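# Analysis of the macromolecular model
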Amino acid sequence: MLDPETGAPDRFVDEAWPRRAFLLDTALAHWHDRTHQWGSGHVVSDRGSARWHTPDALRIEAGAVEAEYDLVPGLRLHVRRTVAGDRLVERYAFRNTGTTPLTITGLGVQTPFADLYEGAQRALDRAVHAHVFTGGSWAWALAQPMSGQGRSLGLIVREGALHAYAVETRNKDTLSNVRGHLVLLATDRARNPKAFGGQPPVVVAPGQEWVLQWELGWYDSTDAFLAATRAPARLPVYAAETGHDLVVEGGQEVNCPDRAVRVVRESPTRHRLTAEVHGTYPVHIGGGARSEVLFHLPVDEMVRRRARVIMKDHVARERPGLLGHAFVPVDTRTGLTQPANGWADWSDGSERVAMPLLLQLGTHIGWLDRTTTGPLLDGWARFARAHLLDETAAPRRGSQLGHLGPRLYDSPWLAQFFHDRYGLAGDDADLDLSARILERNFELGGREHLSIGLSQTASAVADALGPPGQDRRADALRSNILDSARYFVKAGPRLPPHEVAYEQSMVAPLLDLLTDAHRLTGDPVFLTAVKERLPWLLAFSGPQPHVRLHGIPIRHWDGYWFGADRLWGDVFPHHWSTLTACTLLRLPEELRTDHTDGIAAHILRAGMANYREDGSATCAFVMPSAVDGRAAHTADPLANDQDWHLVLWLRNWEAAARLTGD
């Protein structure tokens, strides 16, 4: 459907599912406005800057729409939309009508995909995930139904290039249940010249034009869409250990602008890449395509380095008494610990529990020295008992915030710590406390809450307490798992809202819960429920050929809540991305495939991008080139909650090792 005033698409309608929205409108989102209409955009040049929306001239004819815009002196935009078979072709031609070369350093086109989270049922029924890849001349976007069912809308660049994307309308007013307006960028050099491996200017000679042309169409499957993109290369994997090889297959030349990467052409269609230094690296393919790969330290070595940094920098030693045993965020720019400042996500509880969990798991595996970690963990255990749990074993967000009320998410994490501590030291008091934390969680409503790790932890604690039928507390925990699973089977897509109305870190615990219920009972009802909901989880993960994006679930707010820069916008990869990997590893065998195993293996490795070679880390790499005009594509300086990635990997170490070969 076209807007008669602008000639731009207002809606893309899949006739097989007409109620699904592929584009935002004011009925879906009150914050959507006409300035973000599809096909609007902006230009920044050495002759001035401008936005375009309403054409200076518009012609709508059968099968074609043409719009003309005078942007700045000597720069004219001609937009042509035509239907070619079952495809809509959009051509944006920027003509230099002046007598001197024109340099463009900012050029973006609005593509307001309906990627928003109004609640589980509405999201699954009506919304889409927008998977974006801006790999230069190898660029595309795929708007995939959040349910994983039905046709997707695909956009493929056929002429010109996209080197970045930006997010707009992401701020404290729109908060966490929207992704914002997506802007596809030919270049964002004016705002962020180094983003995505570098933002080249667009230079247009006098009397010439630069063209960005893409086509849009419906695709029955992701594989069909990827085939249509005509990829110039194939990367079987996007991450490998330092000193090991990555392969790029295809007939075009491959190079890396970073000298740390060695590129060897083994045959006319195969290049081998190797690096000895931990980090992400750009890869250039042919004359204009690009991607990014990761070479990372071995997991055991990264755990050791990360543990050294945690023990050295993250302990609040300046505090009195037990408070001095807390683990807290650190500003990596200065090395200073970060006070909570009244901000719950900077507290010394909640997600920071990952730090002692990592030290404890690393010690249990044998990678860390117990004589070094033991005193710190002993102190933290006393701190947690006194300050992170109330007298009923309900969790507190932290020691410095007052009691904000129990947060159900925190219960399984604290229970995990004391369960693992029991496994190390054999103290029945630790197992008893772990069980009491979980029992209190269920009393507070845990059966109707998709707490991360709850069903796995409750199962592990029940097994430690006793075999089925031989321990009352163990059987009660198992009964709570089954009651919760039955509740969510009955709920179907009507998931209750959590801290975000709908997100990947609700769906992964949901599948874990149903998987654990199936293992406890063998009831095929639970197996069917897992199978029906698995597409919901997989839909969060896009197929982009880029280490930070391939298979990484969309998450788009944590730079604000957990970071120092308070940037909204997509975080890729996110530590909770690892939930998808672990959920896929734990699936019933009859539901696991090479595809799900491949996604799991990649997510585990990709999460290593959030650690630096020295063991320091970032809580959030904010992916877009800009967010509401602020330069992004940057690692937030705060090390905060990122250690869940390694915790989850270690907790599923044996299953993961069979895939990654570690």
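This text goes with the structure placed above it.
So, on to the overall build of the protein. Looking only at helices and strands, one finds 16 helices and 28 strands in the protein. The C-alpha atoms of the protein give 26 Å as radius of gyration, which agrees with the globular expectation for 662 residues (26 Å, within 12%). When the backbone C-alpha atoms are referred to their principal axes, the protein occupies close to 80 × 50 × 50 Å. Every one of the 662 residues in the protein was classed for burial, and the buried ones make up 63%. Put simply, 66% of the contacts in the protein that link residues at least 6 apart link residues at least 24 apart.

Okay, helix α3 (residues 299-313) next. Helix length check: α3, at 15 residues, gives a terminal C-alpha distance of 21 Å against a target of 21 Å (1.5 Å per residue), a fit within 8%. Within the span of α3, buried status applies to V299, M302, V303, R306, A307, V309, I310 and M311.

With respect to topology, 3 strands assemble into an open sheet ordered β16-β19-β18, the strand pairing being antiparallel. Each edge of the open sheet carries a strand with a single partner, namely β16 (245-249) and β18 (261-267). Between one strand axis and the next, the sheet turns through 25 degrees on average, direction left out of account.

Now for the packing of helix α10 (residues 504-521) against helix α11 (residues 524-539). Two elements in contact, α10 and α11, have axes separated by 9 Å at closest approach and are oriented at 160 degrees. Judged by the angle between their axes, α10 and α11 are roughly antiparallel. Helix-helix and strand crossings are classified by hand; for α10 and α11 the assignment is left-handed. From α10, Q504, V507, A508, L510, L511, L514, T515, A517, H518 and T521 reach across to α11, where they touch F526, L527, A529, V530, R533, L534, W536 and L537. Tallied by class, residues from the contact of α10 with α11 come to 13 nonpolar, 4 polar and 1 charged.

Pairing is antiparallel in the open sheet, where 3 strands are placed in the order β23-β22-β28. The strands lining the two open edges of the sheet, one partner per strand, are β23 (336-337) and β28 (638-639). The pairing of strand β22 (residues 330-331) with β28 spans 2 bridges and is classified as antiparallel. Looking across to β28, one finds that D331 is bridged to L638.

Time to look at the packing of aromatic side chains. Tallied over the full model, the rule gives 28 aromatic pairs. On the basis of an interplanar angle of 35 degrees and a centroid distance of 5.6 Å, the ring pair of Y502 and F540 is categorised as tilted. In this pair, Y502 is assigned in the loop between α9 (472-491) and α10 and F540 in the loop between α11 and α12 (558-562), connecting sequence segments 38 residues apart. The class of Y502 is buried, set by a relative accessible area of 0%. A ring pair is formed by W561 and W568, whose centres lie 5.8 Å apart and whose planes are at 85 degrees; its orientation type is edge-to-face. According to the relative accessible area criterion, W561 is partly exposed, its value standing at 24%. Joined through ring pairs, the aromatic side chains of F12, W38, Y92, F113 and W214 make up one cluster. Lying across the ring of F621, R548 places its NZ or CZ 3.6 Å from the centre. R566 extends its terminal NZ or CZ atom over the ring of Y560, reaching a point 5.6 Å from the ring centre.

To continue, consider the pattern of salt bridges. It is possible for side chains of opposite charge to pair when their charged atoms get near one another. Within the structure shown, the criterion is met by 55 salt bridges. For R34, the salt bridge is made with E5, and the minimal N-O distance between the two is 3.4 Å. Taken together, the residues R34 in the segment before β1 (41-45) and E5 in the segment before β1 connect sequence positions 29 residues apart. Judged by its relative accessible area of 53%, E5 falls in the exposed class.

So, on to the environment of A57. The residue A57 is located in strand β3 (residues 57-61) in this model. A57 sits in the partly exposed class, given a relative accessible area of 26%. A C-alpha to C-alpha distance of 59 Å links A57 and A354, two positions 297 residues apart in sequence.

Relative to the helices and strands, S291 is located in strand β21 (residues 289-296). Taking the C-alpha atoms as reference, S291 lies 9.7 Å from R548; in sequence the two are 257 residues apart. Filtering out sequence-adjacent residues up to four positions away, S291 remains in contact with Y281, P282, V283, P545 and H546. A distance of 2.4 Å separates a polar side-chain atom of S291 from the backbone oxygen of P545.

Bringing the packing of helix α14 (residues 594-606) against helix α16 (residues 653-660) into the picture now. Contact geometry of α14 with α16 gives a least axis separation of 9 Å together with a crossing angle of 100 degrees. Classified by the interaxial angle, the pair formed by α14 and α16 is roughly perpendicular. Note on element contacts: α16 touches α14 through A656, L659 and T660, opposite D597, A600, A601, L604 and R605. Partitioning the contact of α14 with α16 into residue classes produces 5 nonpolar, 1 polar and 2 charged.

Take unusual backbone geometry next. Comment: phi is negative for the bulk of residues other than glycine, and the bulk of peptide bonds are trans. For the bond running from F572 to P573, omega is -15 degrees, close enough to zero to count as cis. Topologically, P573 is positioned in the loop between α12 and α13 (577-585). With a phi angle near 50 degrees, N341 is a residue other than glycine that sits in the positive phi range. Along the polypeptide, N341 turns up in the loop between β23 and α4 (354-365).

One can find S455 in helix α8 (residues 454-465). Each C-alpha atom of the pair S455 and D512 lies 6.9 Å from the other, and the pair is 57 residues apart in sequence. When neighbours within four sequence positions are excluded, S455 is seen to be in contact with I481, D512, L513 and D516. Looking at S455, its side chain comes within polar contact range of the side chain of D516, at 2.6 Å.

Glancing now at the side chain of N610. In this structure, N610 sits in the loop between α14 and β24 (621-622). Overall, the relative accessible area of 5% leaves N610 in the buried class. A distance of 3.1 Å separates the side chain of N610 from the backbone oxygen of P573, its partner in a polar contact. Sequence-distant contacts of N610, that is, excluding residues within four places in its chain, are made with R548, P573, S616, A617, T618 and F621.

Ranked by internal contacts, the top residues of the largest apolar core, which has 198 residues, are W52, Y92, W214 and Y502. Discounting chain neighbours no more than four positions away, the residues touching Y502 are Y117, G119, A120, A123, L124, M146, N177, L495, V507, W536 and F540. Listed in part, the 15 residues of the second largest apolar core include W346, W557, V622 and V627.

The rules we used
- Residues numbered from 1 in each chain as written.
- Predicted model: local features only at pLDDT ≥ 70, side-chain atom pairs only at ≥ 80, totals over all residues.
- Heavy atoms only, no water.
- Helix = DSSP H or I, 4+ residues; strand = E, 2+ residues; numbered from the N terminus.
- Rg over C-alpha atoms; globule rule 2.2 N^0.38 Å.
- Buried < 20%, exposed > 50% of the residue type's maximum accessible area, 1.4 Å probe, protein only.
- Contact = heavy atoms within 4.5 Å.
- Expected span 1.5 Å × (residues − 1).
- Pairing = 2+ DSSP bridges.
- Axes fitted to C-alpha atoms, helices over the stretch in contact; angles between N-to-C directions.
- Parallel < 35°, antiparallel > 145°, perpendicular 65-115°, else oblique.
- Left-handed = near helix turned anticlockwise from the far one by under 90°.
- Nonpolar A, V, L, I, M, F, W, Y, C, P; charged D, E, K, R; others polar.
- Phe/Tyr/Trp six-rings, centres within 6.5 Å; stacked < 30°, edge-to-face > 60°.
- Lys NZ or Arg CZ within 6 Å of the ring centre and 35° of its normal.
- Salt bridge = Lys/Arg side-chain N within 4 Å of Asp/Glu carboxyl O.
- Polar contact = N/O pair within 3.5 Å; in protein donor to acceptor, adjacent residues only side chain to side chain.
- Core = buried A, V, L, I, M, F, W, Y, C linked by side-chain atoms within 4.5 Å.

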